[in-house]
Amino acid sequence: METNDPLDVVAKYLIPALDTVGDLFEQNKLFLPQLIRSAECAKAGFEVVRQHMAQQGGETPKADKVILATVKGDIHDIGKNIVKVVMENYGYQILDLGRDVPPETVVDCALEQDVRLVGLSALMTTTLGAMSDTISLLRDRGYTGKIMVGGAVLTPDYAASIGADFYCRDAKASVDAARTVFG
């Protein structure tokens, strides 16, 4: 970074490396452990860039906010946590509401924080109703942002039927959805 602008390091090296890893993961040439490890390495790289910018008096660009939550009744959050790490590495500010999150908590946070993208996760078929309830409450309370959903029990058809804007089968798809929303 002594010869390169810190943001160029992010744009020219870190993000393309993450894209390559995501593509290889989609092609089944890399697997979950490699995806997680590469995300951890990229996170360390982003931290170096952030520290360098702070030392130089530079301002870190404002990150777009994304809510992530595992819906009410579901305690499984490994998938959500993977999405969180990967999205943070792409520069998004993640508001992680945790697991077993009531619909009202998601809605209140989305409206109070003016968040343009909400990500919901469910791993159990018994909690799909809570996902639908959360999306309905978001819309009923006037939320105009986008909603992405993911989890082992979801399908693209089900996601569409409950009013989700994006079905994300993995962390890379979540990044793609965020890129669509934020540009």
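The preceding data block contains the structure.
Note that the structure is predicted; figures quoted are calculated from it, not measured. (Residues numbered from 1 in each chain as written. Predicted model: local features only at pLDDT ≥ 70, side-chain atom pairs only at ≥ 80, totals over all residues. Heavy atoms only, no water.)

1. Some details on the packing of helix H3 (residues 78–89) against helix H7 (residues 171–182)
Two numbers describe a pair of packed helices, the interaxial angle and the distance between the axes.
Alright, step 1. Where H3 meets H7, the closest approach of the two axes is 9 Å, and the angle between their N-to-C directions is 50 degrees. The orientation of H3 relative to H7 falls into the category oblique. Judged by the twist between their axes, the crossing of H3 over H7 is right-handed. Across the interface between the two elements, Ile-82, Val-83, Val-86 and Met-87 from H3 touch Ala-171, Ser-174, Val-175 and Ala-178 from H7.
Alright, step 2. Among the residues making up the contact of H3 with H7, the classes are represented as seven nonpolar, one polar and no charged. (Axes fitted to C-alpha atoms, helices over the stretch in contact; angles between N-to-C directions. Helix = DSSP H or I, 4+ residues; strand = E, 2+ residues; numbered from the N terminus. Parallel < 35°, antiparallel > 145°, perpendicular 65-115°, else oblique. Left-handed = near helix turned anticlockwise from the far one by under 90°. Contact = heavy atoms within 4.5 Å. Nonpolar A, V, L, I, M, F, W, Y, C, P; charged D, E, K, R; others polar.)

2. Some details on the pattern of salt bridges
Alright, step 1. Overall, the coordinates contain 10 salt bridges when judged by the stated rule.
Alright, step 2. The shortest N-O distance in the salt bridge between Asp-100 and Lys-72 comes to 3.9 Å. Note that Asp-100 is positioned in the loop between strand S2 (93–96) and helix H4 (103–112) and Lys-72 in the loop between strand S1 (65–70) and H3, a separation of 28 residues in sequence.
Alright, step 3. Connected through salt bridges with shared partners, the residues Asp-23, Lys-172 and Asp-176 form a single ionic network. (Salt bridge = Lys/Arg side-chain N within 4 Å of Asp/Glu carboxyl O.)

3. With respect to the side chain of Asn-89
Alright, step 1. Mapped onto the elements of the fold, Asn-89 is located in helix H3.
Alright, step 2. Judged by its relative accessible area of 1%, Asn-89 falls in the buried class.
Alright, step 3. Within the structure, the side chain of Asn-89 is placed 3.0 Å from the backbone oxygen of Val-85, a separation counted as a polar contact.
Alright, step 4. Among all residues touching Asn-89, those that are not within four sequence positions of it are Ile-15, Leu-18, Ala-39, Glu-40, Ala-42, Lys-43 and Phe-46. (Buried < 20%, exposed > 50% of the residue type's maximum accessible area, 1.4 Å probe, protein only. Polar contact = N/O pair within 3.5 Å; in protein donor to acceptor, adjacent residues only side chain to side chain.)

4. A short note on empty space enclosed by the protein
Alright, step 1. By the definition in use, this model includes one cavity of 30 Å³ or more.
Alright, step 2. When its volume is computed, the largest cavity comes out at roughly 70 Å³.
Alright, step 3. Lining the largest cavity, in full, are Leu-18, Val-21, Gly-22, Leu-35, Ser-38, Ala-39, Val-86, Tyr-90, Ala-171 and Lys-172.
Alright, step 4. Those elements giving two or more residues to the lining of the largest cavity turn out to be helix H1 (6–26), helix H2 (32–55) and H7.
Alright, step 5. Across the lining of the largest cavity, the residue classes break down as seven nonpolar, two polar and one charged. (1 Å grid on protein atoms, 1.4 Å probe; cavity = no way out; pocket = protein on both sides within 12 Å on 5 of 7 lines; lining within 4 Å. Points joined across faces, edges and corners; volume = space filled by probe spheres on them.)

Bear in mind that shape data such as this cannot, by itself, settle questions of function.
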